[in-house]
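Here is what each chain is made of, one letter per residue.
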Amino acid sequence: MIGHLIFRLTLWFLLTANWSVENIIIGIAIAVLLPRTYTTPERLKDLLPVLGKILLAIPQAYMEAFELLLRPHKYEDVILERVPSKRSPRLIFLDVFLITFTPKTIVLKYNEEGWYEVHRVVRRKN
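First, a word on what this report is: a plain description of the structure on this page. It should be emphasised that the depicted structure is a prediction, and the values quoted were computed from it without experimental measurement.

Topic: helix 2 (residues 21-33)
Here is step 1: With 13 residues, helix 2 ought to run about 18 Å at 1.5 Å a step, and its terminal C-alpha atoms sit 18 Å apart, in line with that.
Here is step 2: Taken together, the buried positions of helix 2 are Asn23, Gly27 and Ala31. Taken down its axis, helix 2 places every buried residue within 70° of arc, on the same side. Of the exposed residues in helix 2, the ones pointing more than 90 degrees away from its buried face are Val21, Glu22, Ile25 and Leu33.

What follows is the structure in structure tokens.
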């Protein structure tokens, strides 16, 4: 239960980027009031690499945003990214969050056969 609360609060603070007392109270209220899911818990060895990637994505997102400001990208494409095998719904959510967090990419669709359809902007046509 504490793990779910911390996870939800972390997502709340990443989405709002606001550490005011009011926002903390709202975040705690939302984290407590959201319904619980009863799925199998993720193994720590599966969860830690994804959380590490999310922490690395924060500076990457800033770099991509500045790059888009300084040198606009004029081209776009859609690629398919393979979903790692045997992912729980929570880990799939974290994968989608990670891909969408950076300014150059967004997940358009999750295919049940094991693929993410990812739209991205690129500097040059390949």
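Here the narrative resumes, following the displayed structure.
Here's the deal with the packing of helix 3 (residues 44-70) against helix 4 (residues 89-101)
Here is step 1: Orientation of helix 3 relative to helix 4, taken along the N-to-C sense of each, is 15°, at an axis distance of 9 Å. Relative to helix 4, the element helix 3 lies roughly parallel. Judged by the twist between their axes, the crossing of helix 3 over helix 4 is left-handed. Listed contacts from helix 4 to Asp46, Leu47, Val50, Leu51, Lys53, Ile54, Ala57, Ile58 and Ala61 of helix 3 are Leu91, Leu94, Asp95, Phe97, Leu98 and Phe101.
Here is step 2: Of the residues that constitute the contact of helix 3 with helix 4, the class distribution is twelve nonpolar, no polar and three charged.

Here we look at the sheet that holds strand 1 (residues 75-82)
The strands that make up a sheet pair up through hydrogen bonds in the backbone, lying either parallel or antiparallel.
Here is step 1: On the basis of which strands lie adjacent, the open sheet formed by three strands has the order 1-3-2 and antiparallel pairing. Edge positions in the sheet fall to strand 1 and strand 2 (105-111), since each has one partner strand and no second. On average, adjacent strands in this sheet sit at an angle of 25° to one another, irrespective of strand direction.
Here is step 2: Sheet analysis places strand 2 next to strand 3 (residues 115-122), joined by six bridges and oriented antiparallel. Within strand 3, the residue paired with Lys109 across the bridge is Glu117.

Some details on the environment of Val83
Here is step 1: Relative to the helices and strands, Val83 is located in the loop between strand 1 and helix 4.
Here is step 2: The sequence separation of Val83 and Gly114 amounts to 31 residues, and the corresponding C-alpha distance is 5.1 Å.
Here is step 3: Excluding its chain neighbours within four sequence positions, the residues that come into contact with Val83 are Ile92, Tyr110, Gly114, Trp115 and Tyr116.

Reading the values: the criteria
Residues numbered from 1 in each chain as written. Predicted model: local features only at pLDDT ≥ 70, side-chain atom pairs only at ≥ 80, totals over all residues. Heavy atoms only, no water. Helix = DSSP H or I, 4+ residues; strand = E, 2+ residues; numbered from the N terminus. Expected span 1.5 Å × (residues − 1). Buried < 20%, exposed > 50% of the residue type's maximum accessible area, 1.4 Å probe, protein only. Arc of directions from axis to C-beta. Axes fitted to C-alpha atoms, helices over the stretch in contact; angles between N-to-C directions. Parallel < 35°, antiparallel > 145°, perpendicular 65-115°, else oblique. Left-handed = near helix turned anticlockwise from the far one by under 90°. Contact = heavy atoms within 4.5 Å. Nonpolar A, V, L, I, M, F, W, Y, C, P; charged D, E, K, R; others polar. Pairing = 2+ DSSP bridges.

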